Amino acid sequence: MNEMKVGCQSDVSEVHETTAGETANGERFSGNHMFVIYPMLKEQKDGAGSMMEEENDKNTRLAEWIHRAKRGFRLHERSLAEGAWTLFRLTQPGVGVGLLSWTRLIVRTPVEMGVDRYSASSKEMTDTVKNAARRYGAGAVGIAPMNQAYVNLQEMGKPIFFEDVDVPEVTNEKFVIPTKMKWVVSIAIPMDLDLLEQVPNENSDAAVALGYMKSVIVVSALAEFIRSLGYQAIPSVNDTAQSIPFALDAGLGEMGRTNKLITRDYGAGARLCKVFTDMPMEYDQPIKFGVTEHCKSCHACADACPTHALSFDDEPSYKTKGPWSNPNHLAWFEDSFKCFQQWQKVGNGCGICLAVCPYTKTRWQGMHS
Ligand code: SF4
Ligand code: SF4
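Predicted model, so just to flag it, every value in this text is computed and none were measured.

Let us now look at the overall build of the protein chain. For the protein chain, the helix and strand inventory stands at 13 helices and 12 strands. Once local pairs closer than 6 in sequence are excluded, the contacts in the protein chain between residues at least 24 apart make up 76%.

Below you can see the structure in the form of structure tokens.
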């Protein structure tokens, strides 16, 4: 394995050319393409990982593991994950409603208070929003320009449009993002690496669940914060748009062989979320700190993947492995069908590839040295 340093500021440079992860032609992609996997799993009646077989076996197997107190699957470990999933599950399927509302929930606006909306230099506006995001629980925060190519064509069966309106709209027929929303606050939520390291079991599932829980807290609170300053805000976790390309443009990390973001601050051990807004801020720049180059000779994630879902190719390319992937970006594409089979088998998200990545491990070692 190559020598590397992680999170060393002097190794980080801003980039302006196309790198792994950037879109090739700017076409929008339906985020719903991911869901072709569910019918595929349902159709697969036989064999290890088939949905029918695993759904039938899962509860029996889990009950047996709890009964014999299998480490990582004991009742209190299972309950840790269940409790952590509560908040995110309560938002589902809830794009545009509840905590993920596209319009004001409860805060008072400057108009209601009889004052002018918040106004400052773009640098101060940027610092104000980034500081608030961190107070609410964000780890790394960057600002990217809105790019319509990263926004899903549809969500929950309804099209997403960009229109010249003042306020975001959610109707029975469509979602509308105001064209004036030109700023995206991209956020990385650090995962609990002590839990993630135990992949794949209920504790690592709790690490994922906690990431989602904190994402909901941060984006909903930040959206209300921005609205109380007098601007519009749309909170988003995995819905509405792809989080990774915005995080790349916001300078939070680089693409890895996993076709996931390797963040500068937390390696692969981070969840991504974002808030769209019309509040003017300074854009950050994409960064390079050696990840994509390192991945060309490191195959730790692909070696560790139990279903051989990850690519061993020397170079990233535009060759996808199935309709779930957006072909408009340069990547090491994964076989998500095989990956989901593994998820079915272990009864929750797998995440081995995130935990074994040396960028994640270095961060974990740093925490415990
Ligand atoms: S989550 Fe597990 S099955 Fe999926 S790509 Fe990573 S290691 Fe492989
Ligand atoms: S494990 Fe190695 S190849 Fe995989 S994403 Fe991390 S650095 Fe890249």
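So that's the structure; there's more coming.
In the neighbourhood of ligand 2, 14 residues make up the surrounding shell, with Gly256, Cys295, Cys298, Cys301 and Cys357 lying closest. Secondary-structure elements contributing two or more residues to the shell around ligand 2 are helix H9 (291-297), helix H10 (300-304) and helix H13 (358-368). In terms of residue class, the shell around ligand 2 is made up of 9 nonpolar, 4 polar and 1 charged.

What follows concerns the site of ligand 1. In the vicinity of ligand 1, the residues found are Cys305, Pro306, Thr307, Ala309, Leu310, Glu334, Cys339, Gln342, Cys350, Gly351, Ile352 and Cys353. Every element with two or more residues in the shell around ligand 1 is listed here: helix H11 (336-346) and helix H12 (352-356). Across the shell around ligand 1, the residue classes tally to 8 nonpolar, 3 polar and 1 charged.

The next subject is the environment of tryptophan 332. Of note, tryptophan 332 is situated in the loop between H10 and H11. Sequence separation between tryptophan 332 and aspartate 314 is 18 residues; the distance between their C-alpha atoms is 9.0 Å. Those residues in contact with tryptophan 332 that sit more than four places away from it in its chain are Arg257, Asn259, Ser311, Asp313 and Pro316.

Take the sheet that holds strand S6 (residues 175-178) next. Within a sheet, neighbouring strands are paired by backbone hydrogen bonds and run either parallel or antiparallel to one another. Across the sheet, which stays open at both edges, the 4 strands sit in the order S3-S4-S6-S5 with mixed pairing between neighbours. Each edge of the open sheet is held by one strand with a lone partner, namely strand S3 (154-155) and strand S5 (169-170). Relative to S6, S5 is paired through 2 bridges, and the arrangement is antiparallel. The residue of S6 that forms the bridge with valine 170 is phenylalanine 175.

Below, the discussion takes up the packing of helix H3 (residues 75-90) against helix H7 (residues 202-228). Running from N to C, H3 and H7 point in directions that differ by 20°, and their axes come no closer than 8 Å. Classified by the interaxial angle, the pair formed by H3 and H7 is roughly parallel. Two packed elements cross with a definite hand, and for H3 against H7 that hand is left-handed. Contacts between H3 and H7 involve Glu77, Arg78, Leu80, Ala81, Ala84, Trp85, Leu87 and Phe88 from the first element and Glu202, Asn203, Asp205, Ala206, Ala209, Leu210, Tyr212, Met213 and Val216 from the second. For the contact of H3 with H7, the class distribution of residues is 12 nonpolar, 1 polar and 4 charged.

This brings us to the environment of valine 346. Looking at the secondary structure, you find valine 346 in helix H11. For the pair formed by valine 346 and lysine 58, sequence separation is 288 residues and the distance between their alpha carbons is 8.2 Å.

Moving on: H3. For H3, which comprises 16 residues, the first-to-last C-alpha distance of 22 Å matches the rise-based estimate of 22 Å (1.5 Å per residue) to within 8%. The sharpest bend along H3 measures roughly 30° and falls at alanine 84. For H3, the set of buried residues is Glu77, Arg78, Ala81, Ala84 and Phe88.

The strand order across the open sheet built from 4 strands is S2-S7-S11-S8, with neighbouring strands paired in antiparallel fashion. The sheet terminates laterally at strand S2 (140-145) and strand S8 (233-236), the two strands that pair on one side only. Taken pair by pair, the neighbouring strands of this sheet meet at an average axis angle of 20°, ignoring direction. The pairing of strand S7 (residues 183-190) with strand S11 (residues 270-277) spans 8 bridges and is antiparallel. In the strand pairing of S11, tryptophan 183 is matched with threonine 277. Lying over the sheet, helix H5 (residues 122-136) contacts S2 and S7, oriented at roughly 135° with respect to S2. Across the sheet, H7 is in contact with S7, S8 and S11; its angle to S11 comes to roughly 20°.

Here we come to the pairing of strand S4 (residues 158-163). Examined bridge by bridge, S3 and S4 share 2 bridges and lie antiparallel to one another. Among the inter-strand pairings, glutamine 154 is bridged to a residue of S4, identified as proline 159. Between S3 and the antiparallel strand that follows it, S4, lie 2 residues; methionine 156 among them carries a positive phi value of about 50°. Alignment of S4 against S6, held across 4 bridges, turns out to be parallel. Bridging from a neighbouring strand, phenylalanine 162 pairs with isoleucine 177 of S6.

The interhelical angle for the contact between H5 and H7, taken along N-to-C directions, is 140°, at an axis separation of 9 Å. One finds that H5 runs oblique with respect to H7. With respect to the hand of their crossing, H5 and H7 are arranged in right-handed fashion. From H5, Val129, Ala132, Ala133 and Tyr136 reach across to H7, where they touch Ile217, Val218, Ala221, Leu222, Phe225 and Ile226. Looking at the contact of H5 with H7 residue by residue, the classes come out as 10 nonpolar, no polar and no charged.

Rules of the game
- For every chain, the first residue of its written sequence is number 1, and the numbers climb from 1 along that sequence.
- Each chain gets a letter, beginning with A, and each ligand a number, beginning with 1, in the order they are written.
- The model is predicted, so local features are restricted to residues of pLDDT at least 70 and side-chain atom pairs to those at 80 or more, both for listing and for counting; the totals for chains, interfaces and linings are taken over all residues.
- Numbering of helices and strands runs from the N terminus; a helix is a DSSP stretch of H or I covering at least four residues, while a strand is a stretch of E covering at least two.
- Here the contact rule is simple: place C-beta atoms from the backbone, and any two residues whose C-beta atoms are within 7 Å are in contact.
- Proximity of a residue to a molecule or strand is defined by its backbone-placed C-beta atom lying within 6 Å of that partner.
- Under the grouping applied here, Gly and all other residues not named as nonpolar or charged are polar, the nonpolar ones being Ala, Val, Leu, Ile, Met, Phe, Trp, Tyr, Cys and Pro and the charged ones Asp, Glu, Lys and Arg.
- Strands are treated as partners if at least two bridges between them are detected by DSSP.
- Convention adopted: a line fitted to C-alpha atoms gives each axis, helices being fitted over their contacting stretch, and angles between N-to-C directions are expressed from 0 to 180 degrees.
- In what follows, roughly perpendicular refers to angles from 65 to 115 degrees, roughly parallel to angles under 35, roughly antiparallel to angles over 145, and oblique to any angle outside these ranges.
- Handedness of a crossing is defined here by the sense of rotation of the near helix relative to the far one, left-handed for an anticlockwise turn of less than a right angle and right-handed for a clockwise turn.
- Expected span of a helix, by definition, is 1.5 Å for each gap between consecutive residues, and there is one gap fewer than residues.
- At any given residue, the bend is defined as the angle formed between two axes, one fitted to the seven residues that end at that position and one fitted to the seven that begin there.
- Any residue surrounded by 20 or more other C-beta atoms within 10 Å of its C-beta is treated as buried, while 12 or fewer makes it exposed and the intermediate range makes it partly exposed; C-beta atoms here are placed from the backbone.

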